[in-house]
Amino acid sequence: MSEQSRIDIQNVTKAYGATRAVNEVNLRIEGGSYCCMIGPSGCGKTTLLRMIAGHEEPSSGKILIGGDDVTTKGTGSRGTALMFQNYALFPHLSLTDNVAFGLKVKGVAKEVRREKAREMLDRVQLLHLADRVPSELSGGQQQRVALARALITNPKVLLLDEPLSALDEFLRLKMRVELKRLQNELGITFIHVTHTQPEAIALADQVVVMDHGIVEQAASPNEVYNRPHSPYVARFMGGQNVLSGKIESLSSGAAVVMTPNGFRHDLKVGLGFSIGDLVNFVVRRDHIHLTDVADLRRNCATGRVINVEYQGTFVKLAIDTGSREEFIAYINDQAYFATPKAVGDVVNVKWGPALNHLLLGTNNSTGNPSED
Ligand code: ATP
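This structure is a prediction, so every number in the text was calculated from the model and none was measured.

Here is what the cut-offs are and how they apply
Residues numbered from 1 in each chain as written. Predicted model: local features only at pLDDT ≥ 70, side-chain atom pairs only at ≥ 80, totals over all residues. Heavy atoms only, no water. Core = buried A, V, L, I, M, F, W, Y, C linked by side-chain atoms within 4.5 Å. Buried < 20%, exposed > 50% of the residue type's maximum accessible area, 1.4 Å probe, protein only. Helix = DSSP H or I, 4+ residues; strand = E, 2+ residues; numbered from the N terminus. Contact = heavy atoms within 4.5 Å. Domains from an automatic or database assignment. Pairing = 2+ DSSP bridges. Phe/Tyr/Trp six-rings, centres within 6.5 Å; stacked < 30°, edge-to-face > 60°.

S.K.: Got a minute to help me understand the nonpolar core in this structure?
M.R.: Across soluble globular proteins, you tend to see nonpolar side chains buried next to one another. Core analysis: the biggest nonpolar cluster contains 46 residues, and Leu 158 and Val 209 have the highest contact counts within it. Counting residues per element, this core draws most heavily on helix H4 (residues 139–151), at six residues. Not counting residues up to four positions away in its chain, the partners in contact with Leu 158 are Ala 81, Leu 147, Ala 150, Leu 151, Ile 188, Thr 189, Phe 190 and Ile 191.

The following block contains the structure:
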């Protein structure tokens, strides 16, 4: 299945007048993988998904599924199924007939399609409700009917546009597990558009981070979270402090960087950098420790606490270190409550010299389209 359900997006652009909703995107999604597309509102995720589904045609570029050029093929003949955000169930039809609908359109005989629909309802654990109509179901159950309906045509690729957004937090977490289980069982490619970072990280084999119509980074969740490509990806995925400064000294690819607020940091930069270069780097918020020692030399900061939020297993401290962005430290709750801090307190924070990660990409945006 994996070769047949691989997707290659080659130099695809979709323009609406002067707006390039998707701008020269190149992307491979491996067959049988779970791909999450994430990015702020208006970044082009849905447009890209709809082009893969065949609901929109690219202005230029090609889309291949399993090596076949499907760029201009109709929705029914490219082996994809799209599950809509609002589920789009027929209110007057039973669950069986809702699920069987895709086969009816294909001219499959009534008994055959009803039997197949019952199999699909069983797969999503709703066979016992097969004769109900959608209004007699909970939100989570309706979502599972929509899934069964999308899967009945045996697609190679299932496309999901914000599938969990209508559910409450509890159901969202439950359905997330079910989606992953289904994808594992079926072995087909899932492409899931989401706004929610933890959802993308929890589900995906590949996370595609978009901004203003382009793919900013496409990689494993671990890579995107721990080794973001650019300040934008680091800020969007969260969990990091984005810092910048000038290289002050350099030896065999190991730099000391001075930030504008006067702190020095160790940073591995490799080759191709010179003294005086401006670099961006990140340090994870959960790698920061509070310290009493004031004569801190490198990989540290001092500032005034501007907010304290208890998060259960850790405490989130926002610190004004004199930089444009507040510095965030996630402090282990036991360590924090041993010496609690109040807003206005001056604190010292430090972290290990190897924990700074260089950002190579230059996209410094926050992803907010209104900032243009
Ligand atoms: P959201 O998360 O809000 O659904 P998105 O990332 O899915 O956003 P798209 O729906 O793909 O974004 O839209 C990308 C851009 O293309 C936006 O600027 C949008 O206004 C524009 N756009 C999308 N569809 C059309 C259309 N049919 N006509 C004109 N512009 C469009």
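S.K.: What is the right way to read the domain arrangement of the protein chain from this model?
M.R.: Accessible area lost when the parts come together is the quantity often used to give the size of an interface. When its domains are assigned, the protein chain resolves into domain 1 (3–226) and domain 2 (245–359). Relative to domain 2, the C-alpha centre of domain 1 lies at a distance of 40 Å.

S.K.: Would you take a moment to explain the pairing of strand E19 (residues 346–350) for this structure?
M.R.: Sheet topology note: the strand E15 (residues 289–291)/E19 ladder contains three bridges and is antiparallel. From the neighbouring strand, His 289 faces E19, where its bridge partner is Lys 350. By the bridge criterion, five bridges tie strand E16 (residues 300–310) to E19 in an arrangement that is antiparallel. Opposite Cys 300, over in E19, you have Lys 350 as the bridge partner.

S.K.: Looking at this structure, I do not really get the packing of aromatic side chains. What am I missing?
M.R.: Geometrically, a pair of aromatic rings is defined through the distance of the ring centres and the angle of the planes. Scanning all chains against the criterion turns up seven aromatic pairs. Ring centres 5.3 Å apart and planes at 85° place the aromatic pair Tyr 310 and Phe 337 in the edge-to-face group. Within this pair, whereas Tyr 310 is found in strand E16, its partner Phe 337 is found in helix H9 (residues 333–338), the two being separated by 27 residues in sequence. Note on Tyr 310: relative accessible area 52%, which makes it exposed. Both rings, one in Phe 327 and one in Trp 351, keep their centres 5.4 Å apart while their planes meet at 20°; by these two values the pair is stacked. Placement of the pair is Phe 327 in strand E18 (residues 327–332) and Trp 351 in the loop between E19 and strand E20 (357–359), with a sequence separation of 24 residues.

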